[in-house]
Amino acid sequence: CKDTMAATKASKEQKYDRQLRLWGDHGQETLENAHVCLINATATGTEILKNLVLPGIGAFTIVDGHTVTGEDVGNNFFLSNNSIGKIRAQAATELLQELNSDVSGNFVEESPDKLLDNDPEFFHRFTIVIGVQLPESTCLRLGSVLWSAAVPFLVCKTYGLIGYMRLVVQEHTVIESHPDNALEDLRLDQPFAEFKNHIQSYDLDSMDKKDHSHTPWIIVVAKYLEKWLSEHNGQPPKNYNEKEAFRQCIREGILKNENGVPEDEENFEEAIKNVNTALNPTKVPSAVEDLFNSVQCNDITSQTLSFWVMLRAVKEFVLNEGNGSLPVRGTIPDMIADSQKFINLQNVYRQKAMQDAATVSKHVECLLQSFGKVCKNASFLRVVRCRSLAEEYSVDSVNKDEITSCMDNPDSEMVFYLMLRAVDRFYQQHSRYPGVYNYQVEDDINKLKLCVNNLLQEYSLNVNIKDDYIHEFCRYGAAEPHTVAAFLGGSAAQEAIKIISHQFVPFSNTFIYNAMSQTSATLQL
Amino acid sequence: MADADEPMVVDGGDGHNCEWEGRWNHVKKFLERSGPFTHPDFEPSTEALSGFHNIHVVDMDTIDVSNLNRQFLFRGKDVGRPKADVAADFINSRIPGCCVIPHFKKIQDLDETFYRQFHIIVCGLDSVVARRWMNGMLLSLLVYDDGVLDPGSIIPLIDGGTEGFKGNARVILPGMTACIDCTLELYPPQVNFPMCTIASMPRLPEHCIEYARMLLWPKEKPFGDGVVLDGDDPEHIQWVYQRSLERAAEFNITGVTYRLTQGVVKRIIPAVASTNAVIAAACATEVFKIASSAFIPLNNYMVFNDVDGLYTYTFEAERKENCSACSQVPLDMHFSPTSKLQEVLDYLTESASLQMKSPAITATVEGKNKTLYLQSVASIEQRTRPNLSKTLKELGLADRQELAVADVTTPQTMLFRLCFTS
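Every chain begins its residue count from 1, and numbering advances along the sequence as written. Chain letters and ligand numbers both follow the written order, the letters beginning at A and the numbers at 1. Restriction of local features to residues with pLDDT of at least 70 applies here, the model being predicted, together with a cutoff of 80 or more for giving and counting side-chain atom pairs; totals for whole chains, interfaces and linings are based on all residues. Calculation of side-chain values draws on the structure's entire complement of heavy atoms; hydrogens and water are dropped beforehand.

Draft legend 1. Molecular detail of the overall build of chain B. A run of H or I in DSSP becomes a helix once it reaches four residues, and a run of E becomes a strand once it reaches two; helices and strands are each numbered from the N terminus. A tally of regular secondary structure across chain B gives 11 helices and 15 strands. In terms of overall dimensions, chain B has a C-alpha envelope of 70 × 60 × 40 Å along the principal axes. Contacts: residue pairs with any heavy atoms within 4.5 Å of one another. Across chain B, every contact between residues at least 6 apart in sequence was considered, and the portion connecting residues at least 24 apart equals 62%. Computing the positive centroid from 39 side-chain charges and the negative centroid from 54, chain B places the two 5 Å apart. When charges are counted, Lys and Arg are positive and Asp and Glu negative, with His and the chain ends excluded. Throughout, a charge is located at the NZ atom of Lys, the CZ atom of Arg, the CG atom of Asp or the CD atom of Glu.

Written out as structure tokens, the structure reads:
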């Protein structure tokens, strides 16, 4: 059994090699422990799930009460024409499951509304719920249940040539954000004691050429900075002119040959090139300061934190080495026996207790290792908080400022958000989407315009939506073209992976994709 | 992204027996209805229009297990089989009526008669060299009547590429919009570690690995004479890994792992399903737009990055006036008659706008075609090598004379005009 386990692990390492280089084994583990819920196996839904099954999430469950129609098969790679009339959730599960045998695929043939009526706690078991092509009412109901249960909710919609995503998560912490262009943490402005001593151990003036040209540029800058500080009242170079002068000082430090021509010292060139960033003052990034000032950070006592860490270590012991039992206590009551026999017996318990404590301590170390990760990433810690759907949709808390300021440009992607809201309204009123059939398009334009005006009025939004967009949204006829669904499929899946793995920073909180112009925008609603 | 080339055709046909009610519902609305944002020349019609039926796929690779985390047309059982064949089989069986024809070849193994038949070409290639070649091929198919470009000879090229969480998609109308070479500076050349660092002053685990790969392997020939290091052979990688560890131990360098070793030797670029899905979708959207003539296509370059949130940036890459590929003007190169041929060679390989790999230079000297230098055939390389240290004057070259340069980066020979400086 151990052999097959090792073999499976090795083959997974090979299969997942290209993605392990991005999120590591620990990231992969979070994926393999995740259970994703997809609501509605439309093209958008299956494309999202495909990009989660391939990288090896632990399990998925499709919730979908629909049966497969011919139209469904036309745009969905994970349905075939022999499944017309069958349970859509089941048909899609089969073809998605087939992508990766490491993943466990399940389905529930039920509409989300029914589940919300009868068993809302059904959704509590999931790592994340992804809802696709949901009408507004279902979306809001589900949003409320998931918000209370602190289960992340990702809403996705493909409507004609527009893609839409909304992330609903109360608080999402990111230790490893993997920033693209992070500034280095060199402490040249505030060298710590060991660094100072190390700098002291170098004497550039007495070095031979070989050593001089192979001294790290950090040391070079540190040395010249010392000199500068002593000549400038302890003030480092601050503006362009001073930095230029400082660079010149370093340049003059380049060794010259017997003819007075400067030698080729690449390390000095590096030093000069890096002066700008090297002189950046060391400080706590404002994002991290904000975190320090947050309530959650300040309500913990050191006792609380170590208590939970140690408790968790004990739990790990119970689940592993303890085979279901706590660490041995190590004490026995007094009893009739001769000294030797009693002491020997007592020692048996004591030794085991010490051994178990040592094992628990190893677990603590393991947990603390992830704290080491927090230290290494301290500058880049991020917390993402999204408003609830209820807040977004409530007249009292709608984000009017964001909407009106974006709409200063009437062609901004915000117009698509408003149109999607209007189209939802149309559906509520007419139990269908606008322009589904050719003969409807003309008349529906006016009906949709009424919905638009109604929406703007209800939220007191003083914006203008061009008729062109109203016409265009009727033209779409609520179509779900596969290529737009697939774009969202990739985008949404990666955001779900970010939520599951707590690596990389998710968007917040609304994303709009326009396939016509191949542009996108992220909005805060 | 699969290294596939997908020339596509829209078949306005009928009479397929794989039609079913509603099959085209999601697509036909875009073709039957015009709107405020459709192409000004678009004329909607309600004629039955089918999807893409004739697709050719060109790919020289076979399936590797490490492809399976993202290349969704392939399964464990397909490992070792040609990608083109398996992809064609899968799609043909999943999508009734679709006819994908596979070509298990390099793109360079096919000629203009092949490429000329297509309405659109889509590329998901894994190298700039290959992209430039395809770019050059489509440029060579352009027909000019009296200096005017015949639009019928233009085959649009849709190109997509990804690396980790970044990607881009672009639309190229050869002869009209920016081509691959116009924007060559967008692809900075690969940075290799300096040899002195590798040989005597390693600092990073990568330096140790390159040491084992570049210096120890040729010296020790661990698997026999003439056996080239094969990044796909775990025994080879294991050998490099062990020797890298030894090297690292010598210099107190930590961090050499098997995974890192493999990554450095194979120049592995991390890859996930999601980024490839996004870029493939964007490319497919453009194919749809162009094939249906219903929309103005992307103009003309989109970049995507989802490391932090989701970021896209769309811009119009501009044509370069003196583009070495599409400007049709022979490029001037300025050298003194006492410059050595080596300098010309260096210019061709090192210039950011040319970035040639191993150019072969020929010229007409005293009425005869003379190969000045050619690297790819050992005997000719040996024979012409002395020319590199000769001056242009010594080689018999004249001012304003044309030099013809061939290279893997372009299917057509490039013409340069040699301008002598004083």
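Draft legend 2. Structural view of the interface of chain A and chain B. Opposite the 74 residues of chain A that make contact, chain B presents 64 residues. Buried area: the accessible surface (1.4 Å probe) lost by two parts on joining, summed over both. With both chains or domains summed, chain A and chain B bury close to 5,900 Å², and 59% of this area falls on carbon and sulfur atoms. By salt bridge we mean one thing: a side-chain nitrogen of Lys or Arg within 4 Å of a carboxyl oxygen of Asp or Glu. Between the two partners, chain A and chain B, sit 6 salt bridges. Put simply, A:D180 and B:K166 hold a salt bridge, and the shortest N to O gap is 3.6 Å. Residues adjacent in sequence count toward polar contacts only when both atoms are side-chain atoms; beyond that, a polar contact is any pair of N or O atoms within 3.5 Å, and within protein one must be able to donate a hydrogen and the other to accept it. Seen at the junction of chain A and chain B, the total is 34 residue pairs in polar contact (both at pLDDT 80 or more). A total of 9 residues in the side of chain A that touches chain B trace back to one element, the largest contributor, which is helix α22 (residues 482-501) of chain A. Split by residue class, the side of chain A that touches chain B holds 33 nonpolar, 24 polar and 17 charged. Throughout this entry, Asp, Glu, Lys and Arg are counted as charged residues, while Ala, Val, Leu, Ile, Met, Phe, Trp, Tyr, Cys and Pro are counted as nonpolar. The remaining residues, Gly among them, count as polar.

Draft legend 3. Layout of unusual backbone geometry. Here the bond from A:S508 into A:N509 is cis, since omega is -10°, no more than 30 degrees from zero. With respect to the secondary-structure elements, A:N509 resides in the loop between α22 and β9 (510-514). Looking along the chain, the bond that leaves B:N299 and enters B:N300 is cis, with omega of -10°. Tracing the chain through its elements places B:N300 in the loop between α9 (273-292) and β9 (301-305). The backbone of A:S431 shows a phi angle near 55°, a positive value even though the residue is not glycine. Checked against the element boundaries, A:S431 lands in the loop between α19 (414-430) and α20 (441-458).

Draft legend 4. Up close: the nonpolar core. The criterion is simple. A nonpolar core is a set of buried Ala, Val, Leu, Ile, Met, Phe, Trp, Tyr and Cys residues joined through side-chain atoms within 4.5 Å. Buried residues are those whose accessible area, probed at 1.4 Å on protein chains only, stays under 20% of the maximum for their type, while exposed residues exceed 50% and partly exposed ones sit between those limits. Formed by 152 residues in total, the largest nonpolar core has its most connected members in A:F123 and A:I130. Each residue touching A:F123, except ones within four places of it in the same chain, is listed here: A:C37, A:I39, A:L115, A:L116, A:V129, A:L142, A:L146 and A:V151. Counting 32 residues, the second-largest nonpolar core is a separate cluster that includes B:L110, B:F118, B:L138 and B:I172.

Draft legend 5. Representation of helix α10 (residues 341-350) of chain B. Burial in α10(B) covers these residues: B:L341, B:V344, B:L345 and B:L348. Looking straight down α10(B), one finds that the buried residues subtend no more than 100° of arc, so they occupy a single side. In this description, the arc belongs to the directions extending from the helix axis to the C-beta atoms.

Draft legend 6. Representation of the sheet that holds strand β4 (residues 121-123) of chain B in the model. Residue and element names in this part refer to chain B. Two strands make a pair as long as DSSP finds a minimum of two bridges between them. Read from one edge to the other, the open sheet built from 5 strands follows the order β4-β7-β8-β9-β10, with strand pairing classed as mixed. Edge positions in the sheet fall to β4 and β10 (311-315), since each of these pairs with one other strand and no more. Here the strands of the sheet are splayed against their neighbours by 10° on average, with no regard to which way each runs. In the sheet, β4 pairs with strand β7 (residues 157-163) via 3 bridges, with the strands oriented parallel. Paired with C123 across the bridge in β7 is D159. Running at roughly 175° to β7, helix α4 (residues 128-140) makes contact with β4, β7 and β8 (166-172) of the sheet. All axes are obtained by fitting lines to C-alpha atoms, using only the stretch in contact for helices, and the reported angles, taken between N-to-C directions, cover 0 to 180 degrees. Each of β4, β7, β8 and β9 touches α9; the most contacted strand, β7, lies at about 170° to it.

Draft legend 7. Region of interest: the side chain of A:Q503. Residues and elements named next belong to chain A. Its location among the elements puts Q503 in the loop between α22 and β9. A polar side-chain atom of Q503 sits 2.8 Å from a polar atom in the side chain of H178. Excluding residues within four positions of it along the chain, Q503 makes contact with L22, W23, H26, G27, V174, E176, H178 and K498.

Draft legend 8. Focus on the domain arrangement of chain B. Residue ranges assigned to the domains are those given by an automatic or database domain assignment. Here chain B is described as being made up of domain 1 (24-187 + 272-315), domain 2 (195-266) and domain 3 (331-420). Between the C-alpha centres of domain 2 of chain B and domain 3 of chain B the distance comes to 36 Å.

Draft legend 9. The arrangement of the UniProt feature "domain: E2 binding" (unreviewed entry) in chain B in detail. UniProt positions are given in the numbering used here, feature names are shortened, and annotations may be inferred rather than shown by experiment. The UniProt feature table records "domain: E2 binding" (unreviewed entry) at residues 333-421 of chain B. Segment residues 333-421 of chain B splits into 19% helix and 37% strand. End C-alpha atoms: 10 Å apart.

Draft legend 10. Structural detail: the domain arrangement of chain A. Assigned domains of chain A: these are domain 1 (1-173 + 480-523), domain 2 (193-279), domain 3 (286-383) and domain 4 (392-476). Centre-to-centre separation of domain 1 of chain A and domain 2 of chain A, based on C-alpha positions: 54 Å.

Draft legend 11. Spatial organisation of the environment of A:D25. Within the fold, A:D25 resides in helix α2 (residues 17-32). Spatially, the C-alpha atoms of A:D25 and A:G435 are 49 Å apart, while their sequence positions differ by 410 residues. Contact partners of A:D25, with chain neighbours within four places excluded, come to A:L20 and B:R259. Looking at A:D25, its side chain comes within polar contact range of the side chain of B:R259, at 3.1 Å.

Draft legend 12. Quick look at the environment of A:S370. All names here are of chain A. As for its placement among the helices and strands, S370 is situated in helix α16 (residues 339-376). You can call S370 partly exposed: its relative accessible area is 33%. In this structure the C-alpha to C-alpha distance between S370 and I175, which are 195 residues apart in sequence, comes to 9.3 Å.

Draft legend 13. Looking closely at the packing of α2(A) against α22(A). Residues and elements named next belong to chain A. One way to put it is that α2 packs onto α22 with a least axis distance of 8 Å and a crossing angle of 95°. Classed by the angle they form, the pair α2 and α22 counts as roughly perpendicular. Here α2 contributes W23, G27, T30 and L31 to the contact with α22, which in turn contributes Q494, I497, I500 and S501. Orientation labels follow simple angle bins: below 35 degrees gives roughly parallel, above 145 gives roughly antiparallel, 65 to 115 gives roughly perpendicular, and whatever is left gives oblique.

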